[in-house]
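So the chains spell out like this:
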Amino acid sequence: MLVAPIVEVKNLTKRFGNTVVLRGINLTVERGTVLGVLGPNGAGKTTAINCLTTLLTPDGGEATIAGYNVVEQPEAVRSLIGLTGQFAAVDEVLTARENLILFSRLLRLSGGAAKRRATELLTQFDLLEAADRQVKTFSGGMRRRLDLAASIVVSPLVLFLDEPTTGLDPRSRQQLWAVVKDLKAQGITIILTTQYLEEADALADQIVVIDQGQVIAKGTVDELKDKVGGKFCELRLANLEDYEKVKDLLSDMGEVIVGEMGKEGPIAIAAPDGANTLTEVVLRLESANIPLADISLRRPSLDDVFFSLTGHTT
Amino acid sequence: MMTQKLAQPELDPDTIAAMVAARREGGLQRTLHDIVVVAWRNMLIDFRNPASLVVSALFSTSLLFVFTASFAQVVTPGEGFSGYAQFLLPFASVQGLMFNTVDIGVFFYNDLENGMDIRLRAMPIARLSAIGGRLLSSGARLLIQVATIVLAGHLIGFRFQGGLLGAIGFFLLPVVFTLSLALIGFYIAVGAKSAETVSAVLNPWILPFTFLSVGYVPIEGFPDWAQPIVTRNPVSILSEAMRSLASGEPALQNVIIILLCSLALCLLFGTLTVRAYQRRI
Amino acid sequence: MSNSKENMRATKVEAIAPEISALAQKMIAKRQETGWRRAIVDSWLITGRNLIRLKRNPIIIVAIAIFPIVFLAGFWIVGQKLMATQGVNYIQYLVPIINLQALFFAGLGSALMFAQDIESGMMDRCRAMPIARIATIAGLVMAYMVRALLSTLILLLVAFAIFGFRFQGSVIDALGYLLLIVIFTATCITGYSVLAIKLRRPDLVNAVAIIPYTPLLLLSNGFSPTENFPTWLQPIIRYQPVSVTSDALRSLVAGGSNSLPLFGFSLLWLVGLLVVFGVWAKNAYKQLV
Ligand SMILES: Nc1ncnc2c1ncn2[C@@H]1O[C@H](COP(=O)(O)OP(=O)(O)O)[C@@H](O)[C@H]1O
Ligand SMILES: [Mg+2]
């Protein structure tokens, strides 16, 4: 028997007045995997999530969660999902524990079970010490963790996370990533949107890149990286004046790519032969007496992927 | 790290001294200039998002209309509505302005909280430009409201009969008094933990002061026990002063009392606010 | 929306792995959001949460107790002597409108909380959960109803103990009074919820919400009898809903036999407005996101 993916989205469209925000999104998610929806601000990520979580009615297309249609069976869908929206939606003047008990009760846990579940979640999300403080005293990272905890009070079949780490400091981000990985290990299917390439890299099994309401690429992280080509040899010159000379010296090996920072930043050259290319570059420069500040071999970053797909950086 | 050399002046002690001198924080002229700049920024924000300004102005105007409509026949039975409008308008302006003290206190609290204040303090500008700027822009806000209510009052029969000087006094006196009241709000804002605290502390005081004044009704309308309070209430004195200014009667005594009140408030709460402000952070 | 039995079965159930399908059906059955019992339980939970929020607001005591009392005292001091010359016992006249004003401000406060919920994403979170659709609104209305009734109780007690206000009607009159203030509150909250849904931004709601106060409350015969207004305004003053309701409340306070038509007229106004606002709010709410 052919088994359908747990989330299936076909040709989803949505417009607000005259602005078309989603122009036919297609995606699928297999059970127990993490899908990273990657796109710059305004790409339509939140709109897509809102359609899938029954908050918005799409104009066209079809979306199902575990076979339930989001437009025709919204009640069923809501029983299967959890949503952590773009802004931490927890009550400021309630304590962390009160927030979690409220959501537990709303999700049909009995009084005692709600209290136990709240304590469990507070422990799991490292909030036990702050459990009885009002949320307004929380840091951004703590708020976000509480927010996430509130959406998995009852383990959902599919969890939606809309830009879960935007605005967090690096340490809080790391903590949140650990939590997401933990949820994945519990077998929860996760759809997460992000503007951060390294976030998709760290968390997602599959990635779809969307830009202006369209999917412009999809695949695993590695597949996307391969799309851009193999490895690069990246170098920094000790003296910037040498740039033209280097360009001439290496001209037969391929074009010298100047990065975002211009000639002052690192420059790169495609390295189809990996380490051999690097050795070759070092030898040529040494014999020409051109000093290097730094040289390395690297895989293309997701920034490169996005740049090559859309023509602009995130 | 290779960076291109920026066009930096040589850093000998003389140039540094010149830089410091050029950006000197003190001095009256410098202080006034900085306060005006900050006030201008505050006013721009007010105008870009005028809901609060417009609603405050309309609200006091609507109070004028409604009280004229509902109380004229009670207070001055048998007479027309314009006589009562002439009586009520000064007080209606004062009342409208006094409601603003809460808003102003909250604005100042937001200045302190949203990082604007820190930024200003870290710049080589006059130390008190945040406070002074907020006061000045609030003054502008209040003047706009007095102007609105006077224009609206014109429609229902309010007239200046006291000449230019009287009119200028009519506009400035309530603004000066309200700003000195607003300093109480500033003092609370400096120590407050939330914007709600500011309004919770200020709000309950405004209403008794406005009710217990010769605002809606003349002194004879009050119960005997209340009359001594009412006559000594600064809001009464201010309303009387403005009435006299508008009708061209001698107002000097009341004007001086209000100015002295304002001065006292300024000295007391100005000092308290500045001291608390400097201790903050 | 199709009926709930149908909702239990996925449209493409055969294509989904059987164990997921079974799990999904179990989850759906467990968290069913329709049915009146769900509606009551969910509304009650949200009400509880809103009441905690109200309780923790530092200015709540000012809002529900001090503010109405100060208004009562203020208008009483200012108006009592002058009204007496017109033969009006002002404290008896004044208490109903001060009461209505307290209820009106409860409505205003609810708009603010509603807008905060919309802005913070709380509304979205609740809408994406399998809870009764009515619960978020009902929770808001009920919490503010509690606040309004508490405010009424305090006001009436103070008016009785300090200002010599007396309720002269029968028990039936008292029930009529209670009914009117409950419906008045519901109408205010519902009307203000439209404002909150349309404006969404708490700061904007805060600035704009006071606007209806003047034409509705002050331009009524609540503070001053209709005859004191300019003649051309009198018909509006006499028949606008707040006037009619304060007339009704005053006649219930005074007891006697002529309160029934006023009560009926007031009820008609309030229920009519409630229905209009309710439908409007519901439609606006649907287009919320
Ligand atoms: N309610 C709305 N009305 C009109 N335009 C909207 C609305 N919501 C979003 N948009 C527009 O749709 C586009 C996509 O928005 P969004 O889905 O929030 O993007 P993202 O989450 O990827 O940043 C943006 O250009 C935004 O301005
Ligand atoms: Mg978004």
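Reading the values: the criteria
- Residues numbered from 1 in each chain as written.
- Chains lettered and ligands numbered in written order.
- Predicted model: local features only at pLDDT ≥ 70, side-chain atom pairs only at ≥ 80, totals over all residues.
- Heavy atoms only, no water.
- Helix = DSSP H or I, 4+ residues; strand = E, 2+ residues; numbered from the N terminus.
- Buried < 20%, exposed > 50% of the residue type's maximum accessible area, 1.4 Å probe, protein only.
- Contact = heavy atoms within 4.5 Å.
- Near = heavy atom within 4 Å.
- Polar contact = N/O pair within 3.5 Å; in protein donor to acceptor, adjacent residues only side chain to side chain.
- Areas by Shrake-Rupley, 256 points an atom, 1.4 Å probe, with all protein chains shown as cover.
- Pairing = 2+ DSSP bridges.
- Axes fitted to C-alpha atoms, helices over the stretch in contact; angles between N-to-C directions.
- Buried area = accessible area lost by both parts, 1.4 Å probe.
- Salt bridge = Lys/Arg side-chain N within 4 Å of Asp/Glu carboxyl O.
- Donors = N, O, S within 2.8 Å, 3.2 Å for Na, K, Ca; no water.
- pLDDT = per-residue confidence, 0-100.

Requested: an account of the environment of Val171(C), with residues and values cited.
Residue and element names in this part refer to chain C. Tracing the backbone shows Val171 in helix α8 (residues 171–199). For Val171, a relative accessible area of 64% puts it in the exposed group. In sequence terms Val171 and Ser251 are 80 residues apart; their C-alpha atoms lie 14 Å from each other.

If you had to explain the environment of Ser199(B) to someone new, which residues and values would you point to?
For Ser199(B), the location among the structural elements is in helix α8 (residues 195–211). Measuring from C-alpha to C-alpha, the distance between Ser199(B) and Thr101(B) comes to 9.1 Å, with 98 residues separating the pair along the chain. Once residues lying within four places of it in the same chain are set aside, the contact partners of Ser199(B) are Val102(B), Pro204(B) and Ile59(C).

Tell me about the site of ligand 1, and name the residues and values.
All names here are of chain A. Neighbouring residues of ligand 1: Phe16, Val21, Pro40, Asn41, Gly42, Ala43, Gly44, Lys45, Thr46 and Thr47. Here an oxygen atom of ligand 1 and a backbone polar atom of Gly44 are 3.0 Å apart. Out of a free accessible area of 560 Å², ligand 1 has 60% covered by protein chains. Here the shell around ligand 1 gets 3 residues from one element, more than from any other, and that element is helix α1 (residues 45–52).

Lay out the sheet that holds strand β13 (residues 267–270) of chain A in plain terms, naming residues and giving numbers.
All names here are of chain A. Pairing is antiparallel across the open sheet formed by 4 strands, whose spatial order is β12-β13-β11-β14. Each edge of the open sheet carries a strand with a single partner, namely β12 (256–258) and β14 (292–298). Pairs of neighbouring strands in the sheet enclose a mean axial angle of 25°, with direction left out of account. In this structure, strand β11 (residues 232–237) lies alongside β13, joined through 4 bridges in antiparallel fashion. Bridge pairing in β13 links Cys233 to Ile269.

Please give an account of the interface of chain C and chain A that cites residues and values.
Contact with chain C, which involves 45 residues of that partner, is made by 52 residues of chain A. Taken over both partners, the interface formed by chain C and chain A buries close to 4400 Å², and the fraction arising from carbon and sulfur atoms is 59%. On the chain C side of the contact with chain A, Arg31(C), Arg56(C) and Arg125(C) bury the most area, a combined 17% of that side's loss. Run the count over chain C and chain A and you get 5 salt bridges. Ionic pairing is found between Asp91(A) and Arg49(C), a salt bridge with its closest N-O pair at 2.4 Å. One can count 10 residue pairs in polar contact (both at pLDDT 80 or more) joining chain C with chain A. Listed by contribution, the elements that provide at least two residues to the side of chain C that touches chain A are α1 (4–7), α2 (18–31), α3 (36–55) and α6 (122–127) of chain C. In terms of residue count, the dominant contributor to the side of chain C that touches chain A is α2(C) (9 residues).

Provide a residue-level description of the side chain of Thr277(A), including the pertinent values.
Checked against the element boundaries, Thr277(A) lands in helix α10 (residues 275–287). If sequence neighbours within four positions are ignored, Thr277(A) has contacts with Met253(A), Ala270(A), Ala271(A) and Pro272(A).

Can you break down the pattern of salt bridges residue by residue, with the values?
With the rule as written, the count across this model stands at 28 salt bridges over all chains. Two residues, Asp117(C) and Arg53(C), come together in a salt bridge whose shortest N-O distance is 3.0 Å. Here Asp117(C), found in helix α5 (residues 90–120), pairs with Arg53(C), found in helix α3; they are 64 residues apart in sequence, far enough to count as distant. Of the two residues, Asp117(C) and Arg53(C), both sit in the buried class. Across the salt bridge formed by Glu227(C) and Arg238(C), the nearest N and O atoms sit 4.0 Å from each other. Placement of the pair is Glu227(C) in the loop between α10 (213–218) and α11 (234–239) and Arg238(C) in helix α11, with a sequence separation of 11 residues. Here the salt bridges do not stand alone but share partners, grouping Asp91(A), Arg49(C), Arg53(C) and Asp117(C) into one network.

Which residues make up the coordination of the magnesium ion (ligand 2), and what values go with them?
Around a metal, the ideal angle is 109.5 degrees if four donors adopt a tetrahedral arrangement and 90 or 180 degrees if six donors adopt an octahedral arrangement. Residue and element names in this part refer to chain A. Taken together, the protein ligands of the magnesium ion (ligand 2) are Thr46 (OG1) and Gln86 (OE1), with distances of 1.9 to 2.3 Å. Placement of Thr46 in helix α1 and of Gln86 in the loop between β6 (81–84) and α3 (96–106) is noted, with a sequence separation of 40 residues between them. The partly exposed category is assigned to Gln86, whose relative accessible area is 27%.

I'd like a description of the confidence of the model for chain C, backed by residues and values.
A low pLDDT means the predicted coordinates there should not be read in detail. Residue and element names in this part refer to chain C. Looking at chain C, pLDDT values average 88 and 94% of them are 70 or higher. When pLDDT is averaged over each element of chain C, helix α12 (residues 241–254) comes out on top at 95 and α1 at the bottom at 46. Our summary of model confidence lists the complex with pTM equal to 0.81 and ipTM equal to 0.80.

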